[in-house]
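# Summary of the model geometry
Each chain, letter by letter, is given below.
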Amino acid sequence: MAKPSEEKVSFGGRLKQIGMVFKFTAKQDKWFIPLVVAAVLIPIAVTVLVVGLTSSWIWIPMGVLVTLLAVLLVLNLRSNSAMMNALEGQPGAATQILSSMRGNWRTKEQPLAFTVNNDFVHLVLGPAGVVLIGEGEPQRVKPMLGEQKRRLGKVIGQTPLYDIIVGNGEGQVSIRKLRTHILRLPKNLSGKEINSLDRALTALTARPQMPKGGLPKEFRPPKGAMRQMRGR
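As the structure is a prediction and not an experimental result, all values here were calculated from the model.

## With respect to the side chain of H122
Examined against the element boundaries, H122 turns out to sit in strand β3 (residues 120-126). For H122, a relative accessible area of 4% gives the class buried. Polar contacts involving the side chain of H122 include one to the side chain of E135, which spans 2.7 Å. Setting aside anything within four residues of it in sequence, one finds H122 in contact with G92, A94, T95, P111, V131, L132, I133 and E135.

## What to know about the packing of aromatic side chains
Taken as a whole, this structure holds one aromatic pair when the rule is applied. When the centroid spacing of 4.8 Å and the interplanar angle of 70° are considered together, the rings of F22 and F32 count as edge-to-face. With F22 in helix α1 (residues 11-28) and F32 in helix α2 (residues 32-54), this residue pair connects regions lying ten residues apart in the sequence. Residue classification places F32 among the buried positions, given a relative accessible area of 0%.

## Digging into the pattern of salt bridges
Applying the stated criterion to the full structure yields five salt bridges. Here D29 and R78 are joined by a salt bridge, their closest N and O atoms 2.6 Å apart. Of the two residues, D29 is situated in the loop between α1 and α2 and R78 in helix α3 (residues 59-87); the sequence distance between them amounts to 49 residues. With relative accessibility at 9%, the residue D29 sits in the buried group. Look at R78 and you get partly exposed, because its relative accessible area is 26%. Members of the salt-bridge network, linked through shared partners, are R106, K108 and D198.

Rules used throughout
- Residues numbered from 1 in each chain as written.
- Predicted model: local features only at pLDDT ≥ 70, side-chain atom pairs only at ≥ 80, totals over all residues.
- Heavy atoms only, no water.
- Helix = DSSP H or I, 4+ residues; strand = E, 2+ residues; numbered from the N terminus.
- Buried < 20%, exposed > 50% of the residue type's maximum accessible area, 1.4 Å probe, protein only.
- Polar contact = N/O pair within 3.5 Å; in protein donor to acceptor, adjacent residues only side chain to side chain.
- Contact = heavy atoms within 4.5 Å.
- Phe/Tyr/Trp six-rings, centres within 6.5 Å; stacked < 30°, edge-to-face > 60°.
- Salt bridge = Lys/Arg side-chain N within 4 Å of Asp/Glu carboxyl O.

Put into structure tokens, the structure is as follows:
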């Protein structure tokens, strides 16, 4: 299945998105506003100085362009950092980061496996092959990864299969480096092979799995319900 095309965003919608990112970054990063101010004042000061020395107004449009580029550069760098700070330690953060990867990468929205303790195993498919992403307590995640590797092995055959545990411990990949780590994996599959494998994995993972560790309280039947069922 081909990767769905992204919906086109109008110019007004794009400006609205930039405004939302600006507000979010300013709230998360105390250095963002001072850096934006510097990105505006420094190019303007340089432009005024150059115009004064050369008496040529042609430098003004160039100064405006440099100012806009400087502000966008600061926004891009600081917003990425702010997003990572906000997502770090949050359940399901990996899928939010990986779903925006460029190229022929597909991240399944629903986890392959999960527990009531917020442990997750996510599935990512792309040029490198199949990648399993584990989030949560490593002692619980490792058996879950092993179980899913055995399950997927019946479908993917000789396709390369990688497993990653998100975290800051030894042998783990931090949430900040996760996207870069995956993009650096060797290219093993063509676009046609990815599409074929995507169909097979979609069929396999369409069956929902119950969470491990018991049902959450909101899904448990009321007290006495099981006795009434047995008495019928």
